[in-house]
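Commentary on secondary and tertiary structure
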Amino acid sequence: MKIERRRVLAYVVAFVGLTSAALVGPQTRAASDTLPKRLTDRAFWQLIVDFSEAGGTFRSDNFISNESTFQEVIPRLRQLTPPGGVYLGVGPDQNFTYVTALRPKIAFIVDIRRQNMLQHLMYKVLIEASEDRADFLSRLFSRPRPMGLDRSSTPQALFDAFASVPSDQAQFDKNLQDIDTRLLKRHGFALTPDDLTAIEYVYRAFFVGGPELRYSFPRQVPGRWFPTYAELMEQTDLTGQNHSYIATEENFRTLREFERNNLLVPIVGDFAGEKALRAVGRYLREHDATVSFFYTSNVEQYLFQGDAHLSFFSNVATLPIGTASTFIRSYFDRGFTYPPGIVTPDLHSVQLLEPIADAVGAFRSNQLRTYLDIVERSK
């Protein structure tokens, strides 16, 4: 069987990358890593500019996650490696919950949509400016803070209270101006007028949807169930513990400190692109650091619809990893089937884990030919 030249080159690159990654050794992160404890605003923005690719498109805005079970693997993840190391992710604020639970030293969020990067900048200034969770939710939804909420309030109490408070246009206008001012003047980020328009578009979705905002709001897919923002923040692991960044004041303060130190860096990049993931890998090697966790959501499902998975795993093979470095994957066991295009209304996901080194090794030996190969390897 004749193999295309690009496919041969992909395997060669994967082999070289795997060899480089293997040199890191068995530890999850290097004991002597030189990762910064804080990035200046200039350094933070420069990483975004230097590492990002041209923005791409996706079929949905992805304002929030559509995965209701992403907390279920957190106890297992905590057993794999102590706090520290590096977290890679994709998508919106489900990454906040993983960051607060896993406590990495730095996190890079790589998403093909520039809008996702801008949404993270929106979140950044809202989180930085908020005194507590209720203050944050008031800013996020542009609703007056309800009476009776304090730092001991449960997530359910928070969302029940905000559900009965209408959104306020004047508060939205003021908050939006504050977001733009903090990004442009306080942080000095070189955003374009189109960027600011995109931020307003995202922020207005939270204004209109409030705690009931869903993944594809306002273009909800007929007959498809998506969890609301409030429902996602009230989810738990299999033991009943809520790890979300809204679960406790301690969790929220952890995230706020992370954001204030500019340690959650949103990058515009295609997993199969030529720049973003490789740039992150170079930065980590320069700082003698390794990837602890790589949350991919279900992006691989789309990469396997063509041959983009070849480039993706070639990119992953260049990342510095250890034996405990782990993929966190979302698999929709109901609501999506493979091949894509056949759906049922009951959308349901499960989280699957696999050592990154095992996945790259399987790719190198040509064992990853379909998306189901990935699913069946993960546990």
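Small disclaimer: the values here were computed from a predicted structure and weren't measured.

What counts and how
- Residues numbered from 1 in each chain as written.
- Predicted model: local features only at pLDDT ≥ 70, side-chain atom pairs only at ≥ 80, totals over all residues.
- Heavy atoms only, no water.
- Helix = DSSP H or I, 4+ residues; strand = E, 2+ residues; numbered from the N terminus.
- Buried < 20%, exposed > 50% of the residue type's maximum accessible area, 1.4 Å probe, protein only.
- Contact = heavy atoms within 4.5 Å.
- Areas by Shrake-Rupley, 256 points an atom, 1.4 Å probe, with all protein chains shown as cover.
- Phe/Tyr/Trp six-rings, centres within 6.5 Å; stacked < 30°, edge-to-face > 60°.
- Lys NZ or Arg CZ within 6 Å of the ring centre and 35° of its normal.
- Expected span 1.5 Å × (residues − 1).
- Arc of directions from axis to C-beta.
- Polar contact = N/O pair within 3.5 Å; in protein donor to acceptor, adjacent residues only side chain to side chain.
- Salt bridge = Lys/Arg side-chain N within 4 Å of Asp/Glu carboxyl O.
- Patch = residues over 30% accessible without salt bridge, like charges linked within 9 Å, V, L, I, M, F, W, Y side chains within 5 Å.
- Lys, Arg positive; Asp, Glu negative; His and termini not counted.
- Charge placed at Lys NZ, Arg CZ, Asp CG, Glu CD.
- Axes fitted to C-alpha atoms, helices over the stretch in contact; angles between N-to-C directions.
- Parallel < 35°, antiparallel > 145°, perpendicular 65-115°, else oblique.
- Nonpolar A, V, L, I, M, F, W, Y, C, P; charged D, E, K, R; others polar.
- pLDDT = per-residue confidence, 0-100.
- Pairing = 2+ DSSP bridges.

1. What to know about the overall build of the chain
- Secondary structure summary: the chain contains 16 helices and 6 strands in total.
- Within the span of the chain, comprising 379 residues, buried residues form 58% of the whole.
- Residue pairs at least 24 apart in sequence account for 75% of intrachain contacts in the chain once pairs closer than 6 positions are excluded.
- When the accessible surface of the chain is totalled, it reaches about 15,900 Å², and 54% of it is carbon and sulfur.

2. A look at the packing of aromatic side chains
- This model, assessed by the stated rule, comprises 30 aromatic pairs.
- Arranged with centres 5.4 Å apart and planes meeting at 55°, the rings of Tyr-98 and Tyr-295 form a pair that is tilted. Pair noted here: Tyr-98 is in helix α4 (residues 94-102) and Tyr-295 is in strand β4 (residues 291-297), with a separation of 197 residues, a long-range link.
- A ring pair is formed by Phe-294 and Phe-327, whose centres lie 5.6 Å apart and whose planes are at 40°; its orientation type is tilted. On the criterion of sequence distance, the pair formed by Phe-294 in strand β4 and Phe-327 in strand β5 (residues 321-334) is long-range, its members being 33 residues apart. Of the two residues, Phe-294 and Phe-327, both sit in the buried class.
- A connected cluster of aromatic rings, assembled from ring pairs, spans Phe-96, Tyr-123, Phe-136, Phe-141, Phe-159, Phe-206, Tyr-229, Tyr-245 and Phe-252.
- Sitting over the face of the ring of Phe-44, Lys-124 holds its NZ or CZ atom 4.9 Å from the ring centroid.

3. Some details on helix α8 (residues 169-186)
- If you check α8, its first and last C-alpha atoms are 24 Å apart, about what 18 residues at 1.5 Å a residue would give, namely 26 Å.
- Where α8 is concerned, the buried positions are Gln-171, Phe-172, Asn-175, Leu-176, Ile-179, Asp-180, Arg-182 and Leu-183. Each buried residue of α8 sits inside an arc of 165° when the element is viewed along its axis, so together they form one side. Facing away from the buried side of α8 by over 90 degrees, the exposed positions are Ala-170, Lys-174, Lys-185 and Arg-186.
- If you follow the buried residues of α8, they end up packed against α5 (114-129), α6 (133-141) and α9 (193-209).
- Backbone nitrogen of Ala-170 and a side-chain oxygen of the N-cap are separated by 3.2 Å at the start of α8; the cap is Asp-168.
- Note on α8: the residue one or two positions beyond its end, Gly-188, has a positive phi of about 75°.

4. Section: the pattern of salt bridges
- According to the stated counting rule, one finds 15 salt bridges in the structure shown.
- In this structure, Glu-128 and Arg-182 form a salt bridge, with 3.9 Å as the shortest nitrogen-oxygen distance. Placement of Glu-128 in helix α5 and of Arg-182 in helix α8 is noted, with a sequence separation of 54 residues between them. Here Glu-128 and Arg-182 have matching classes, each one buried.
- Where Arg-151 meets Asp-132, a salt bridge forms, and the shortest distance between an N and an O atom there is 3.9 Å. With a gap of 19 residues between them, Arg-151 in the loop between α6 and α7 (155-163) and Asp-132 in the loop between α5 and α6 connect regions that are remote in the sequence.

5. What about the side chain of Thr-326?
- Among the structural elements, Thr-326 can be located in strand β5.
- A polar contact is formed between the side chain of Thr-326 and the backbone oxygen of Ala-324, at a distance of 2.8 Å.
- Setting aside its immediate chain neighbours within four residues, Thr-326 contacts Leu-77, Leu-80, Ser-292, Phe-293, Phe-294, Leu-353, Glu-354, Pro-355 and Ile-356.

6. Some points on a negative patch on the surface
- Judged by side-chain charge, Asp-160, Glu-212, Glu-231 and Glu-234 come together as a negatively charged surface patch.
- Mapped onto the elements of the fold, Glu-234 is located in the loop between α10 (229-233) and α11 (249-260).
- Given the relative accessible area of 32%, Glu-234 is considered partly exposed.

7. Concerning the packing of α5 against α8
- Where α5 meets α8, the axes come as close as 10 Å, and the angle between the chain directions of the two elements is 100°. Between α5 and α8, the angle is such that the two are roughly perpendicular. Every residue of α8 that contacts α5 at Leu-121, Met-122, Val-125, Leu-126, Glu-128 and Ala-129 is listed here: Ile-179, Arg-182 and Leu-183.
- Tallied by class, residues from the contact of α5 with α8 come to 7 nonpolar, no polar and 2 charged.

8. Observations concerning the confidence of the model for the chain
- Chain-level pLDDT for the chain is 88 on average; 85% of the residues reach the 70-or-more range.
- The model gives residues 335-346 a pLDDT under 50, and that stretch makes 28 contacts with residues more than four places away or in other chains.

9. Points about the pairing of strand β3 (residues 264-268)
- A large share of β3 lies buried, amounting to 5 of its 5 residues.
- As paired elements, strand β2 (residues 106-111) and β3 share 5 bridges and run parallel to each other. Opposite Val-110, over in β3, you have Ile-267 as the bridge partner.

10. Focus on unusual backbone geometry
- At Ser-142, a residue that is not glycine, the phi angle is positive and equals roughly 55°.
- With respect to the element layout, Ser-142 can be found in the loop between α6 and α7.
- Phi angles above zero are rare outside glycine, and Asn-262 is one such case at about 60°.
- By secondary structure assignment, the location of Asn-262 is in the loop between α11 and β3.

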